[in-house]
Amino acid sequence: MTANYSWPFYPIANQALYGYDQAANKSFKSETIPNGVRNQVEDGIHALFVPPGVEIDLGDFSGSCISNPNLCENFTVSFLFRSGAEKALKVLDSGVKYGDRDEYGWSFEISSTFVGEAVVMVSDGNSELYIEKLAGTNTWIQMVFTFDPDSSSRSVVLYQNGSHGDAPIGGSSVWLQDRNTRLKLGSRSNTKGFFISNLNFFGIKLKVDEIKEHGNRSFKEAMEVNNVTIEILEAQVIIPADSGMAVIRMLRQGFLAIATAVDYDTKSLTAEPNMHFKAATGKQLAFAPGEIFKEVKIGIINKDNSFEGNRTFQVIFSSPHSSVILKGPKQVNVTIMYTKGDATLVTKPSVMLDVIYSLN
C-alpha cells in the first residue's frame, strides 16, 4: 500500500516544500514559502506549522482523480492534523482557481458556519459535502477521507483516527468542474494557524482496516528522524580563469523520499570576491525527493588580466540540521589559474563514485 503522491512537509529545503511520486521517481516543488512557515516537532510529531493568513501553492496536483479521471475511479487522501481552531480554517484545496466554492476538486476545512465541524468537499461535476464533528482541538488527528462515486451510500467519507460518525451531515449540488487543479495549503483568510504532516494521496479507496493500518504507520513515520548522507566528491578544484564556473559534485544517499539540503559559503584566501569569483553567503543546495547527484556551482570572474599566477578561495559546507550527515571534505579549495590551458579537476573520492557519476 504505497501512496501515489506523498508530501511529508519536512524538512523545508531551500525555502520550498517537496512532494514525491515514488513509482515514477518524480518530485513536486512548492512556491517559495513565506516567513513564519517552519518545521517543528509538536508532541513528538515532525510537522509543518502554517501560520494564520498564509497560503502556499504546492504546484500542479495532477495526481487528483478530479483533474485526471483516467488515473483512478476512486481515491483516498490522508494527513496528520492539529490546530486550536474551532471555526473557519481552510487547510487543503485541490483545484482552486479564483476561490469560488464551485471550483474545488477536493478540499478539507473547519466549517465557517458550524463550530467544531470538519468539512470535506469533493466535486467531479456532482459535488458532495461531508460534515462531521471535529475529533478534538490542540491534539493530533489522523484525517483520512475516501471518494467513491459508485458507492451505494455516500461517495465521500471522512475518518478521524480510523473511525467516522454514524450520521454525518451531507449535501450535494451540480456544477461544472474546473480542471485547472493546483494544490493549496492554508488560506489568506485563516485567522489561526495549524500543524500538518505526512499528506498522502492514494489512487484507490482504502478499506477501513487499511485506513487504520496506514494511520498507525503515518504516526510512526512522522515521529522518526530519517538520516540522509551528503558526500562532497571533490577534495580540490583547479580551473583556468576563463572557465566561467567552478563545479563541486555532491552525492546524496540514504532516505530518498524526502527533500534535503546542504548549506555552503565561500571564503576568500588569495582570490578576491566579486573580482575573481562570485561570493556565496548563506546559500543552500536542495535535493528534491529522489535526486541523488547535484552540483554546487560558483561563478568565476576573469577581470585580473594583468595578473600571472594562481588565486584561491574556499567553499565551506555545513549541515542545515542534525539529520543531514556530511561526508568528505567540509572545506574545498578552488584554485583559479591565470594561464592558458584546460580545466583540471583533482578529486579524491573512490573510483567507483566517479564511474557512477559519469553514467548518470
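Residues numbered from 1 in each chain as written. Predicted model: local features only at pLDDT ≥ 70, side-chain atom pairs only at ≥ 80, totals over all residues. Heavy atoms only, no water.

If you check an unreviewed UniProt entry, the protein appears there as Calx-beta domain-containing protein from Porites evermanni.

**Q** Report on the overall build of the protein, specifying residues and quantitative values.
**A** Each helix and strand counted, the protein has 2 helices and 26 strands in total. Considering only residue pairs separated by 6 or more positions, the protein has 69% of its internal contacts joining residues 24 or more positions apart. Carbon and sulfur atoms make up 48% of the accessible area of the protein, which amounts to about 16,300 Å² in all. (Helix = DSSP H or I, 4+ residues; strand = E, 2+ residues; numbered from the N terminus. Contact = heavy atoms within 4.5 Å. Areas by Shrake-Rupley, 256 points an atom, 1.4 Å probe, with all protein chains shown as cover.)

**Q** Any chance you could break down the sheet that holds strand β24 (residues 324–327) for me, citing the residues and the numbers?
**A** With mixed pairing, the 4 strands of this open sheet are ordered in space as β22-β19-β17-β24. The open sheet has two free edges, formed respectively by β22 (293–299) and β24, since each of these has just one partner strand. Put simply, the sheet's adjacent strands are angled 25° from each other on average, direction ignored. When strand β19 (residues 245–254) meets β22, the two strands line up antiparallel, connected through 7 bridges. The residue of β22 that forms the bridge with R249 is E295. (Pairing = 2+ DSSP bridges. Axes fitted to C-alpha atoms, helices over the stretch in contact; angles between N-to-C directions.)

**Q** Report on the pattern of salt bridges, specifying residues and quantitative values.
**A** Throughout the structure, instances matching the rule amount to 10 salt bridges. Between R217 and E213 there is a salt bridge, with its nearest N and O atoms 3.9 Å apart. Within this pair, R217 and its partner E213 are both found in helix α1 (residues 208–223), separated by 4 residues, close to a single helical turn. Ionic pairing is found between E295 and K297, a salt bridge with its closest N-O pair at 3.8 Å. For K297, a relative accessible area of 48% puts it in the partly exposed group. A network of salt bridges, in which partner residues are shared, links E42, D43 and R82. (Salt bridge = Lys/Arg side-chain N within 4 Å of Asp/Glu carboxyl O. Buried < 20%, exposed > 50% of the residue type's maximum accessible area, 1.4 Å probe, protein only.)

**Q** Report on unusual backbone geometry, specifying residues and quantitative values.
**A** Note that the residue after Y10, namely P11, is joined by a cis bond; omega there is -5°. If you trace the backbone, P11 turns up in the loop between β1 (5–7) and β2 (18–21). Positive phi outside glycine occurs at N14, with the angle close to 55°. One can find N14 in the loop between β1 and β2. Residue N14 is classed as partly exposed on the basis of its relative accessible area of 37%. Even without a glycine there, the phi angle at N198 is positive, about 50°. For N198, the location among the structural elements is in strand β16 (residues 194–202). A relative accessible area of 5% places N198 in the buried class.

**Q** Any chance you could break down the nonpolar core for me, citing the residues and the numbers?
**A** Counting 48 residues, the largest nonpolar core has L17 and L185 as its most contacted members. Apart from residues lying up to four places away in sequence, L17 is in contact with W7, F9, I12, F28, K29, S30, I33, L48, I56, L58 and L185. Listed in part, the 29 residues of the second largest apolar core include A241, Y264, A280 and V296. (Core = buried A, V, L, I, M, F, W, Y, C linked by side-chain atoms within 4.5 Å.)

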